[in-house]
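Results of the structural survey
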Amino acid sequence: CHLYWVDMIPESGPPISREEEAMFGDVIVRYYEEMDGVLAGFIEMADENTTVILTSDHGHSGPKPTGDYHRWGIAMHDPTGVLAFSGKDIAEGRELADASVLDITPTILALCGLPVAEDMDGSVLTEAIDRDFLRAHPVRTIETYELELEPTDVADREPIESPIDDEVRERLRALGYIE
């Protein structure tokens, strides 16, 4: 979306040529259609014991006009993202109005019958879970999943370098997540 928004909605940004609009104007729509097909493939492979969770870390609203120019990159993010559950033990037709990406891990733990750490940000999205499942498997908690390490244990640890670290950093920089 960051790269092709203005091709899809030319009036949302700096001028582009008609050729560029014709060539790239439907890239975002085609990408969404492709991803819908990928998701459909996962759902087709799922059996009756499978739960599928679809999520995004944010929505997308296009560049923001600010006087004489438009702000790009992270300014295009919309806080309303996507979160959908489907499958075994999921309540049908429920709206998750106040859900957060921070609620996903606690909810997955609860669906797996595992305790949720009390020190976790976020909480179990009980409105997404079938009531019969919750009656049979009430949400349990533990204090934490964090390991208690002596300060020297942490200080002596060296980060594990990965050959793709630089590539990932550059992609995050290009998207506006880091400077």
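Whatever comes next refers back to the structure up there.
Residues numbered from 1 in each chain as written. Predicted model: local features only at pLDDT ≥ 70, side-chain atom pairs only at ≥ 80, totals over all residues. Heavy atoms only, no water.

Describing the overall build of the protein
Across its full length, the protein holds seven helices and eight strands. Per-residue burial over the protein gives 21% buried out of 179 residues. Carbon and sulfur atoms make up 54% of the accessible area of the protein, which totals about 13,200 Å². (Helix = DSSP H or I, 4+ residues; strand = E, 2+ residues; numbered from the N terminus. Buried < 20%, exposed > 50% of the residue type's maximum accessible area, 1.4 Å probe, protein only. Areas by Shrake-Rupley, 256 points an atom, 1.4 Å probe, with all protein chains shown as cover.)

Quick word on the pattern of salt bridges
One pass over the structure, following the stated rule, counts two salt bridges. Linking Asp 26 and Arg 30 is a salt bridge whose minimum nitrogen-to-oxygen distance equals 3.1 Å. When its relative accessible area of 37% is taken as the criterion, Asp 26 is described as partly exposed. Taking the relative accessible area as the measure of exposure, Arg 30 reaches 43% and is therefore partly exposed. Here Asp 132 and Arg 135 are joined by a salt bridge, their closest N and O atoms 2.4 Å apart. With a gap of three residues between them, Asp 132 and Arg 135 both fall in helix α5 (residues 131–136), about one helical turn apart. Residue classification places Arg 135 among the exposed residues on the basis of a relative accessible area of 59%. (Salt bridge = Lys/Arg side-chain N within 4 Å of Asp/Glu carboxyl O.)

Looking at the nonpolar core
One finds Phe 85, Leu 96, Leu 111, Val 124, Leu 125, Ala 128 and Ile 129 to be the most contacted residues of the largest nonpolar core, which totals 13 residues. Put simply, the parts of the chain that give this core at least two residues each are α4 (104–111) and α5. Ranked by the residues each element gives to this core, the list is headed by α4, at three residues. When near neighbours in sequence (up to four residues on either side) are disregarded, Ala 128 contacts Phe 85, Asp 89, Ile 90, Ala 91 and Leu 96. (Core = buried A, V, L, I, M, F, W, Y, C linked by side-chain atoms within 4.5 Å. Contact = heavy atoms within 4.5 Å.)

So, the layout of surface pockets
Here the largest pocket defines a volume of roughly 1,100 Å³. Residue lining of the largest pocket: 30 residues in total, with Cys 1, Tyr 31, Tyr 32, Met 35 and Ser 56 positioned closest to the centre. Counting only elements with at least two residues in the lining of the largest pocket, the list comes to α3 (27–45), β1 (51–55), β2 (59–60) and α7 (165–174). No other element matches α3, which puts nine residues into the lining of the largest pocket. Of the volumes computed, that of the second largest pocket is approximately 250 Å³. If you trace the second largest pocket, you find 13 residues lining it, with Thr 80, Gly 81, Val 82, Leu 83 and Ala 99 closest to the centre. Of the residues that constitute the lining of the second largest pocket, the class distribution is seven nonpolar, five polar and one charged. (1 Å grid on protein atoms, 1.4 Å probe; cavity = no way out; pocket = protein on both sides within 12 Å on 5 of 7 lines; lining within 4 Å. Points joined across faces, edges and corners; volume = space filled by probe spheres on them. Nonpolar A, V, L, I, M, F, W, Y, C, P; charged D, E, K, R; others polar.)

Some words on the packing of aromatic side chains
One pass over the full model with this rule turns up one aromatic pair. Where Tyr 4 meets Phe 24, the ring centres are 5.5 Å apart and the plane angle is 40°; that geometry is what we call tilted. With Tyr 4 in the segment before α1 (5–8) and Phe 24 in helix α2 (residues 18–24), this pair connects stretches of sequence that are 20 residues apart. For Phe 24, a relative accessible area of 27% translates into the label partly exposed. (Phe/Tyr/Trp six-rings, centres within 6.5 Å; stacked < 30°, edge-to-face > 60°.)

A word on unusual backbone geometry
Unusually for a residue other than glycine, Asp 89 sits at a positive phi of about 70°. Within the secondary structure layout, Asp 89 lies in the loop between β6 (83–87) and α4.

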